[in-house]
Amino acid sequence: MQSSIDPDSAQKRVEELRAIIADHDYQYYVLDDPTVDDAKYDMLFRELQLLETQHPELVTPDSPTQRVSGSPLPAFSTLTHHVPMLSLNNAFSDTEVEAFDRRVREALPESSEIVYDCGVKFDGLAVSLRYENGLFIRGATRGDGQVGENISANLRTIASIPLKLNHAPPLLEVRGEVLMLKKDFHTLNEMQKQRSEKLFANPRNAAAGSLRQLDARITATRRLTFFAYGIGETDWGAIPPPTTQSVLLDYLSRLRFSIGDERKLAFSSQDLLSYYQYIHEKRERLPYDIDGVVYKVNDFAMQQIIGFVSRAPRFALAHKFPAEEMKSVVLDIDVQVGRTGVLTPVARLQPTFVGGVTVTNATLHNEDEIRFKNIYIGDTVIVRRAGDVIPEVARVVIEERPADAREFVMPKRCPVCGSETLRLAGEAATRCTGGLFCPAQRKQALLHFASRRAMDIDGMGEKIVEQLVDKELLKTPADIFSLREDDLSSLIRMGDKSATNLCAAIEKSKTSTFARFIFALGIRHVGEATARDLAQHYGTLEALMSADTESLQTVPDVGEVVAESIRHFFFEPHNIEVIRALLASGVHWLDEKKETAKGALSGFVFVLTGTLPSMTRDEATERIIAADGKVVGSVSQKTSYVLAGESPGSTLAKARKLNIPVIDEPRLLALIDGEKNTGGSV
Ligand code: IVH
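So, here's what we can say about the structure. If you're wondering where the values come from, they're calculated on a predicted model, not measured in any experiment. (Residues numbered from 1 in each chain as written. Predicted model: local features only at pLDDT ≥ 70, side-chain atom pairs only at ≥ 80, totals over all residues. Heavy atoms only, no water.)

A word on the packing of helix H1 (residues 7-30) against helix H2 (residues 38-54). Between H1 and H2, whose axes approach to 10 Å, the crossing angle comes to 145°. Relative to H2, the crossing made by H1 is left-handed. Of the residues in H2, those in contact with Ala10, Arg13, Val14, Leu17, Arg18, Ile20, Ile21, His24 and Asp25 of H1 are Tyr41, Leu44, Phe45, Glu47, Leu48, Leu51 and Glu52. Grouping the constituent residues of the contact of H1 with H2 by class yields 10 nonpolar, one polar and five charged. (Axes fitted to C-alpha atoms, helices over the stretch in contact; angles between N-to-C directions. Helix = DSSP H or I, 4+ residues; strand = E, 2+ residues; numbered from the N terminus. Left-handed = near helix turned anticlockwise from the far one by under 90°. Contact = heavy atoms within 4.5 Å. Nonpolar A, V, L, I, M, F, W, Y, C, P; charged D, E, K, R; others polar.)

Okay, the nonpolar core next. The biggest cluster of nonpolar side chains holds 57 residues, and the ones touching the most others in it are Met460 and Phe570. Among the elements that line this core, the one with the most residues is helix H16 (residues 514-520), at six residues. The next biggest cluster of nonpolar side chains, apart from the first, holds 35 residues, and it includes Leu125, Phe136, Ile161 and Val178. (Core = buried A, V, L, I, M, F, W, Y, C linked by side-chain atoms within 4.5 Å. Buried < 20%, exposed > 50% of the residue type's maximum accessible area, 1.4 Å probe, protein only.)

What follows covers the environment of methionine 615. Position of methionine 615 among the secondary structure elements: in the loop between strand E23 (605-609) and helix H23 (617-626). Relative accessible area serves as the criterion here: at 11%, methionine 615 is assigned to the buried category. For the pair methionine 615 and proline 84, spaced 531 residues apart in the sequence, the C-alpha separation amounts to 98 Å. Not counting residues within four places of it along the chain, the set of residues in contact with methionine 615 comprises Ala620, Arg623, Glu665, Leu668 and Leu669.

For the rest of this paragraph, the subject is the sheet that holds strand E10 (residues 290-297). Taken in spatial order, the five strands make up an open sheet running E2-E13-E10-E3-E9, and their pairing is mixed. Edge strands, defined here as strands with exactly one partner in the open sheet, are strand E2 (90-91) and strand E9 (264-266). Note that E10 and strand E13 (residues 316-320) share five bridges and pair antiparallel. Following the sheet pairing, valine 294 is matched in E13 by alanine 318. Packing of helix H9 (residues 269-282) onto the sheet brings it into contact with strand E3 (116-122), E9, E10 and E13, and relative to E10 it is tilted by some 155°. (Pairing = 2+ DSSP bridges.)

Right under this line is the structure:
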């Protein structure tokens, strides 16, 4: 291709562009502090690509255009580490750290001033990068420490790995860890999810999977990051070699490697342990995963004296965090009933030490969670406990599912009280419907029953309820009314006077309102307002208790779910028993406005048509509902009366055809004024 500029100028510009792009890469990928926007960067990159196309002789391996190149490999070749890549001894306890410090001190002359370089233990994959005269030549995995895999093409794609070092010695192997930042991991998994591809379990697996690609173009699409922590083979040439770990890290940082921000010097085992604590606490907030901290004697000369034992240095130690994930087996799935009646499945696990504690069970939350995670009884699972987080079953090891693994079934009856269980539409939770009776819900139900806006029993607070339940003086709300004064005065922090007062408050609460009573029952989804509407609509307990879901849904704000909840509550014989006991003990309510009118039109269904003489159709509807009648839109066999005014519509004709009685306004009012009923018994 014909160039627009002469070869010399092209060469100069190409070099200039490479330096500018390398600067930008460093700013962005290492310092996390970009200085140009994407558009500007792309422009520079495209200019370089164009020049290199026009002058192919100018293409060099350290050009940023060469980060992604080549074709998929049939397999990785191997590379030998002339300076082996060792591993570290691990410690899990303070005592082990103190023993390490003691050994270090014993190996050195007494007068030595021992300084430790502390850093984090990156949870990624160890690699070695070889630079000759400042140029990245190749790189390899750790392998067995002697021989690793040649993953040069993949390493080139990592933008935080410089392809060229300025002021570098003739030979420098930089060692460190390739990992995926938490944010890049989440982005990757989001993308995998959108494409319905397999999700990675954690950043480490994602990094490993990405680095092991035989096609570097795939690696290039995964954002990986490199952190340097040491060196391998070197030839320093004219450059004075660093004499301590911290000087080395400063040097690597000047060569533009990421070294992380968490370095500290320590002077005693106490210092080491405080550093561990500090990092442990900060762990979740770090942008990458770590699995511990690393202590190294800072001085290289001292390191030499202390030496190595087999494959690990004696001058360094990895102080590891307890593993966050461990395998276990789901021995069974039990169901617990909470204070609010929610049934929670709990996995009983084969005891496993994870996140620093022995875990024997983990909540599985609800039915959906179990289906979603596909957990069977008998499964081998990965249990996870990160930080102070409650242990959870992270996932199933599906390959290890035994033939006799069983699926979990949510019980149809409450494991605590035997009442029917119910899962309402749109809710994840399954609940016990025996709210008034169930021992698991006792304290909660009693407190609610006695609360100010329910039965308003002044003085019946948490402390009292707690003691009464624990002493088995209270089992259901009905028991409140058979409490004797000396039962109460025997309680802690309850004087005779308070006992007398509480007794009086209990007595007084027997006279309540129907709405308060309904609210006090603690039916799920029946708040104060709904309780009031229900009281108005039904007037008597019998009417409410025998209402079917269809009837319930004619009450304002009562939809399918609320209706279902109410019906199940009154369907549960345990609850009925308690309600009977409450009434038997003298709980009653005054006949309120609506209650006196109750029943007059109960069970009657009206259809309205035409213009009425003294009220609007809306007003008539209100009157009918207030008297417990029902108003529907069209005539059917179920219609009791058609209320007709002036100029009725086709409704009238239809009513006649079906033989449905047609009445006028005065007749309606007479019906409403008819017999009266009072509520209060079952
Ligand atoms: S120093 C002589 N420093 O931990 C060994 N290693 O078991 C030199 N690692 O394979 C290793 N973070 O990949 C060192 N700040 C750090 C590290 C670190 C992670 C890994 C490393 C090595 C393993 C040691």
